[in-house]
Amino acid sequence: MDPIYLDHAATTPLRAEVRVAIEPYLGDTFGNPSSLHRWGREAAAALAEARATCATALGAHFSEIHFVRGGTESDNLAIQGRAARLRADGHIPTVAVSTVEHAAVLGAASQATARGAGRLETVPVAEDGSLDLDRLDRALAEPPTVVSLMWVNNETGMILPVEEVAARCRAAGATFHTDAVQAVGKVPVRVDVVPVDLLTATGHKLQGPKGTGLLFCREGTYLSPLLHGGGQERLLRPGTEDVAGAVGLAAALRLAVAEREAEAARLGALRAQLEGELAARIPGMRVNSGRAPRAPHIASVSLPGLDGTSLLVALDLEGLAVSGGAACHTGASSGSHVLAALYGADDPHATVRFSLGASTTAGDVVRAARVTASVVERLQAQEGGA
Amino acid sequence: MSRVLVAMSGGVDSSVAAALLKEAGHEVVGVTMKTFCYSGTPGHAKTCCGLDGIADARRVTMALDIPHYVFDVEEDFSRDVVDDFVSEYARGRTPNPCVRCNGNTKFRDLLARGRALECEAIASGHYVRWEEGPGGPRLRRGADRAKDQSYFLWELPRAILPRVRFPLGDLTKAQVRERARSLGLSTADKPESQEICFVPTGDYRDLLRRKLGPFHAAFQPGRLVDRRGNVLGEHDGFAGFTVGQRKGLGGGFGEPMFVLEIRPDTREVVVGTREELVAHHVEVGELNWLIEVPEAGTHLRVQLRYRAADVPALVLEAGDRVTLELLEDAAAVTPGQSAVFYDGERLLGGGRIVRAESAAA
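Residues numbered from 1 in each chain as written. Chains lettered and ligands numbered in written order. Predicted model: local features only at pLDDT ≥ 70, side-chain atom pairs only at ≥ 80, totals over all residues.

Per the secondary structure count, chain A includes 11 helices and 12 strands. Over its C-alpha trace chain A gives a radius of gyration of 21 Å, about what one expects of a compact globule, namely 21 Å for 386 residues. Along the first, second and third principal axes, the C-alpha atoms of chain A reach 70 × 55 × 35 Å. Of all intrachain contacts in chain A linking residues separated by at least 6 positions in sequence, the fraction that spans at least 24 positions is 74%. (Helix = DSSP H or I, 4+ residues; strand = E, 2+ residues; numbered from the N terminus. Rg over C-alpha atoms; globule rule 2.2 N^0.38 Å. Contact = placed C-beta atoms within 7 Å.)

Let's shift gears to the confidence of the model for chain A. Predicted confidence across chain A gives a mean pLDDT of 95, with 97% of residues reaching 70 or more. Across residues 326–332 of chain A the pLDDT falls below 50, and counting only partners more than four positions away or on other chains, this stretch makes 16 contacts in the model. (pLDDT = per-residue confidence, 0-100.)

Attention now moves to the domain arrangement of chain A. Bring the parts together and some accessible area is lost; that lost area is often taken as the interface size. Residue and element names in this part refer to chain A. The domain boundaries assigned to chain A delineate domain 1 (4–12 + 260–385) and domain 2 (16–258). When each unit is reduced to the centre of its C-alpha atoms, the spacing between domain 1 and domain 2 is 28 Å. With 25 residues of domain 1 at the interface, the matching set in domain 2 holds 27 residues. Mapped by element, the contributors of at least two residues to the side of domain 1 that touches domain 2 are helix 8 (260–281), strand 10 (298–304) and helix 10 (337–343). A per-element tally of the side of domain 1 that touches domain 2 places helix 10 first, with 4 residues. Along the lines of polarity and charge, the residues of the side of domain 1 that touches domain 2 split into 13 nonpolar, 8 polar and 4 charged. (Domains from an automatic or database assignment. Nonpolar A, V, L, I, M, F, W, Y, C, P; charged D, E, K, R; others polar.)

Turning to the environment of A295 of chain A, a few remarks are in order. All names here are of chain A. On the secondary structure map, A295 appears in the loop between strand 9 (286–287) and strand 10. Look at A295 and you get buried, because 24 C-beta atoms sit within 10 Å. Remark: the alpha-carbon pair of A295 and G157, spanning 138 residues in sequence, is separated by 5.2 Å. The contacts of A295, once residues within four sequence positions are left out, are V152, G157, I159, Q182, A183, K186 and V187. (Buried ≥ 20, exposed ≤ 12 C-beta atoms within 10 Å, placed from the backbone.)

As a further point, take the sheet that holds strand 8 (residues 213–217) of chain A. Residue and element names in this part refer to chain A. In space, the 7 strands of this open sheet follow the order 2-8-7-6-5-3-4, with mixed pairing throughout. Across the chains shown, the open sheet's two edge strands, defined by having one partner strand only, are strand 2 (65–68) and strand 4 (119–123). Strand-to-strand twist of the sheet, defined as the mean angle between neighbouring strand axes without regard to direction, takes the value 20°. Strand direction decides the pairing type here: strand 3 (residues 94–98) and strand 5 (residues 145–148), joined by 4 bridges, are parallel. (Pairing = 2+ DSSP bridges. Axes fitted to C-alpha atoms, helices over the stretch in contact; angles between N-to-C directions.)

Attention now moves to the nonpolar core. Membership of the largest hydrophobic core comes to 211 residues, with the highest contact counts inside it found for F216, V247 and L253 of chain A together with V6 and A18 of chain B. Considering every element that reaches this core, the biggest residue donor is helix 7 (residues 243–258) of chain A, with 12 residues. (Core = buried A, V, L, I, M, F, W, Y, C linked by C-beta atoms within 7 Å.)

Residues and elements named next belong to chain A. Here helix 8 spans 31 Å end to end across 22 residues, near enough to the 32 Å set by a 1.5 Å rise per residue. Of all the residues in helix 8, the buried ones are L267, L270, R271, L274 and L278. All buried residues of helix 8 fall inside an arc of 105° around its axis, so they share one side. Projecting away from the buried face of helix 8 at angles above 90 degrees are the exposed residues E261, A262, A265, G276 and A280. (Expected span 1.5 Å × (residues − 1). Arc of directions from axis to C-beta.)

This part covers the sheet that holds strand 9 of chain A. Residues and elements named next belong to chain A. Reading across from one edge, 9-10-12 is the order of the 3 strands in this open sheet, with antiparallel pairing throughout. Either end of the sheet is taken by a strand with one partner, and the two such strands are strand 9 and strand 12 (349–355). Together, strand 9, strand 10 and strand 12 form the strand contacts of helix 8, whose direction differs from that of strand 10 by roughly 15°.

What follows concerns the pairing of strand 17 (residues 346–357) of chain B. Residue and element names in this part refer to chain B. In this structure, strand 12 (residues 278–289) lies alongside strand 17, joined through 7 bridges in antiparallel fashion. The residue of strand 17 that forms the bridge with G285 is R352. Relative to strand 17, strand 16 (residues 338–343) runs antiparallel, the two being bridged by 6 bridges. Each residue of the ladder has a partner; that of D343, found in strand 17, is R346.

What follows covers helix 3 (residues 74–90) of chain B. All names here are of chain B. Approximately 30° is the largest bend angle found in helix 3, and it occurs at D84. Every buried residue of helix 3 is accounted for by E74, F77, V81, V82, F85, V86 and Y89. In this fold, the buried residues of helix 3 make contact with strand 2 (27–34), strand 3 (68–72), helix 4 (97–116) and helix 6 (204–212). At the exit of helix 3 stands G92, carrying a positive phi of roughly 80°. (Bend = angle between axes of the 7 residues up to and from the residue.)

Before going further, it helps to examine the domain arrangement of chain B. Residues and elements named next belong to chain B. In terms of domain boundaries, chain B breaks down into domain 1 (3–182), domain 2 (220–273) and domain 3 (276–357). Its C-alpha centre places domain 1 at a distance of 25 Å from the equivalent point of domain 3. Split by residue class, the side of domain 1 that touches domain 3 holds 7 nonpolar, 3 polar and 7 charged.

Residue and element names in this part refer to chain B. Two elements in contact, helix 1 (residues 12–23) and helix 5 (residues 173–182), have axes separated by 9 Å at closest approach and are oriented at 65°. Taken together, the axes of helix 1 and helix 5 are roughly perpendicular relative to one another. Crossing hand, helix 1 versus helix 5: left-handed. Together, V12, D13, S15, V16 and A19 of helix 1 and V176, R177, R179 and A180 of helix 5 make up the contact between the two elements. Its residues assigned to classes, the contact of helix 1 with helix 5 comprises 5 nonpolar, 1 polar and 3 charged. (Parallel < 35°, antiparallel > 145°, perpendicular 65-115°, else oblique. Left-handed = near helix turned anticlockwise from the far one by under 90°.)

Below is the structure:
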């Protein structure tokens, strides 16, 4: 059968309009935006246009958008940069993160608080998406505090209470960062509505180019840079700007936000169909974060008594591209810290994450459900017989 | 067309094995086992054992247009191979971790994966010949005697023989490299791996010290004694010794002296002359047979070290353990090492050496 790509939460293909938008900046319009001459001016204008487009899409001001080289860099700049700035001002910061954050946030938080540089607080999240507010308040009671809570979880799609936590942080005088990499284009993300101080987004989850990202940094929130050099990106991210990347990110972000409402409704209906087909065929299946509010593009299901790696490989050999927990950098599967946080470290389930995107059709999800059910049935029969 | 799962280390042998199976019309699925992480050695060029191997295997599978996956066997490997390696040394024995890994970790995991993935067979790039025989499939030494790896495979469960394939069995290493070059494989001129994969520094004592702690008996000074009990000197820990070793004993003995035996209980290292090193009887345990268990009185050949020649032997007793009378001299027969049994070129099985005795003793 033709392979089906249902791994859009890992990454997405470049959108045709985005490719067209980038094209000139891979060709004749190659200048350095810092140059005074016409090549430089053209590049600087394109960069400014891209920045304005991103600002508009997120409800930010032009000068609050900083282009960086991806989501991981943006998370690190937000958390480590804010903690470093607080230390430079003579404070020992508290950094609070939830247990279901992306590795980029967990890594940045642990680096920002290593060797006595700060206090690290981990805030549990329940299966229904609710946060342990007592633990959060404990962190807020040891100021200055930097809180990072993702908007949408990348493994199960659950929506976290960003609005509520942002408001709580604002009231307590804490800095609030959100990794909105999986949220943009799927749920409403507006920094003029939700009082976040720092927000991370990336292009490649939105059919934009890989290696592109941005950090929204609200006017009046001060960071120390992680890299040192020239004055680009208001000193926060020195280095000659990737104009093509910024233009691509802006085009992808603008389209994703403009189409969000209709596309989210379409994906939500497909996801419901997928989960319905799976549940009808696979007894004992669990929908992860099934009781939490969820973004429409992710369906994470767990199956009892199976080996996760064999299941994913068997599905790939059948032409179905999905993932387990999150994609690991070697391709070897390892336990998911997110599922461990939600269901316990010795949860005996194998997990499959289906993530839907622009190319996904009703035919795809029906076929995906059939293939998955037949592979699961075969493997379960083997496990039972072995 | 049948589906075959091929273990690919990222070396030239397994690359060519996969290529040959593909040429033969099989649907080939490549897998690399991730066995060991050097997480304790920051700055090591390879952050993870096999990560370079994984990348090499991936490039080869792209060139061959076959799928490739990584299976994490770190937990099993650490328990069955590394912990075993450490505890064997702590008992004064000298283990063969590569034998352990093949028989206990890699093929066991491969077999389970192969079943889950509807594979008819599992394959590897070992130099060993697989052939149908009257009583079922059998294994023979590789055609390239310099590369023959049957010694490492005696632990394979007999029941899986119908489902294993070794496409390189009839080839020489030179032919394999030639094939790799003509196929344009990026691994064609990759050097052989020599070290034990989880001992990147080449000094296994670092690993033992880390795992056992510096105060373990294996690192405490002890006496060097001869067979008659005379104390000849001191050593600084039996972890540094293996039977047959000459280095590190100090000089001044008048004639070359070799390690004959390690006695972990008393921390004594027994040394003696070259003549005393020759064994005449061997007791072998932890057996695995690829044939029916032979009776006492059976003649076979036994190989007692990876690079040693096999010698004729007579089975004196066979059961949970086998006692062999060696019909030719074999030196430095070392507890913990593999004793691998052959009938001519045919692999019959093997076990771990428990004890060796010279006629004099």
